[in-house]
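Residues per chain, in single letters:
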Amino acid sequence: MGTVAKASSGEGFELPDAGAAVGRCYMVVDLGTQDTTFKGTPKKTHKILLVWELAEMMEDGRPFAISSRYTLSLFDQAILRQHLESWRGRGFTDEELAGFDVKNVLGAYCMLSIVHNKEGDKTYANVKGIMPVPRGMEKPAAVNKNIYFDVDIGDINTLPEWIQNVVKKSDEWKARVNTAGATSATQSKGHFDDMEDDIPF
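Residues numbered from 1 in each chain as written. Predicted model: local features only at pLDDT ≥ 70, side-chain atom pairs only at ≥ 80, totals over all residues. Heavy atoms only, no water.

A. Main features of the overall build of the protein. Along its length, the protein carries four helices and six strands. Reading the protein from its N terminus to its C terminus gives the helix and strand order β-β-β-α-α-β-β-β-α-α. Counting across all 201 residues of the protein, residues that qualify as buried make up 44%. Pairs at least 24 apart in sequence give 63% of the contacts found in the protein among residues at least 6 apart. As presented, the protein carries roughly 10,800 Å² of accessible surface, and 50% of it is formed by carbon and sulfur atoms. (Helix = DSSP H or I, 4+ residues; strand = E, 2+ residues; numbered from the N terminus. Buried < 20%, exposed > 50% of the residue type's maximum accessible area, 1.4 Å probe, protein only. Contact = heavy atoms within 4.5 Å. Areas by Shrake-Rupley, 256 points an atom, 1.4 Å probe, with all protein chains shown as cover.)

Here you go:
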């Protein structure tokens, strides 16, 4: 499973620089169960999306944002597990592996390794790896508010349109639409203070 960002220089979007960048996770989105293909075989996979704001600013003064989509799994070869463990600077305990709430990363800072990849005439910025912020390095102030979206109960209108379109393809969202009163569900949000210890979550 790869990591994907939604900025494309082929359509007039600005791209963040390739290389190391300080990021703060300000959005954790449960994308629900999505139709995917693995080695040519269709399958159902539970997906999540993490979105970071970067210290680097765009021309209009807003911080760049970059996102990565993951399969919601902590098995030993899962990219989500690899990225979370390198971000934390240590592995998961057996207790954490039995059930780790990814919402815990909301508001946490990290160092992102960003690469540029070309697909046809477009260039995309992708997250290649994640590391802890080095001790003593200044962390930029938060700009975007923290958003946590639960596909079962969250308010989809708080999400950007392109993320809404992905959520609406999920089995869970389709079930919500077909359930009376589902549209009254409200979003669950979280606000986390910056942590000063070595493990960010």
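B. Expanded view of unusual backbone geometry. Even without glycine at this site, Lys-39 takes up a positive phi of about 50°. Looking at where Lys-39 falls in the secondary structure, it is placed in the loop between strand S1 (19–38) and strand S2 (41–57).

C. Spotlight on helix H1 (residues 79–88). Among the residues making up H1, those that are buried are Leu-80, Arg-81, His-83, Leu-84, Trp-87 and Arg-88. Mapping the buried residues of H1 onto a view down its axis gives an arc of 165°, with all of them on the same face. Structurally, H1 contributes buried residues whose contacts are with S1, S2, strand S3 (63–71), helix H2 (94–97), strand S4 (109–119) and strand S5 (122–131). (Arc of directions from axis to C-beta.)

D. Region of interest: the nonpolar core. Counting residues in each nonpolar core, the largest one holds 30 residues, and the members touching the most others are Leu-50, Trp-52, Leu-84, Trp-87, Val-105 and Leu-112. Those elements giving two or more residues to this core turn out to be S1, S2, S3, H1, S4 and S5. Of all the elements, S2 adds the most residues to this core, at four residues. Discounting residues that sit within four places of it in the chain, Leu-84 has contacts with Leu-74, Phe-92, Phe-100, Val-105 and Phe-201. Formed by 15 residues, the second largest nonpolar core is a distinct cluster that contains Met-27, Leu-31, Phe-149 and Leu-159. (Core = buried A, V, L, I, M, F, W, Y, C linked by side-chain atoms within 4.5 Å.)

E. Representation of the pattern of salt bridges in the model. Counting across every chain of the model gives seven salt bridges. Note that Lys-44 is salt-bridged to Asp-35, the shortest N-O span being 2.6 Å. When its relative accessible area of 52% is taken as the criterion, Asp-35 is described as exposed. Among the charged side chains, a network of salt bridges with common partners joins Asp-35, Lys-44 and Asp-171. (Salt bridge = Lys/Arg side-chain N within 4 Å of Asp/Glu carboxyl O.)

F. Broad picture of the pairing of S2. Note that S1 and S2 share 14 bridges and pair antiparallel. Considered in S2, the bridge of Gly-23 is made with Leu-54. Taking the residues between adjacent antiparallel strands as the criterion, S1 and S2 are bridged by two residues, where Lys-39 takes a positive phi near 50°. Sheet analysis places S2 next to S3, joined by eight bridges and oriented antiparallel. Within S3, the position partnered with Val-51 by the bridge is Ser-67. Hairpin connection from S2 to S3: five residues lie between these consecutive antiparallel strands, with Gly-61 at a positive phi of about 90°. (Pairing = 2+ DSSP bridges.)

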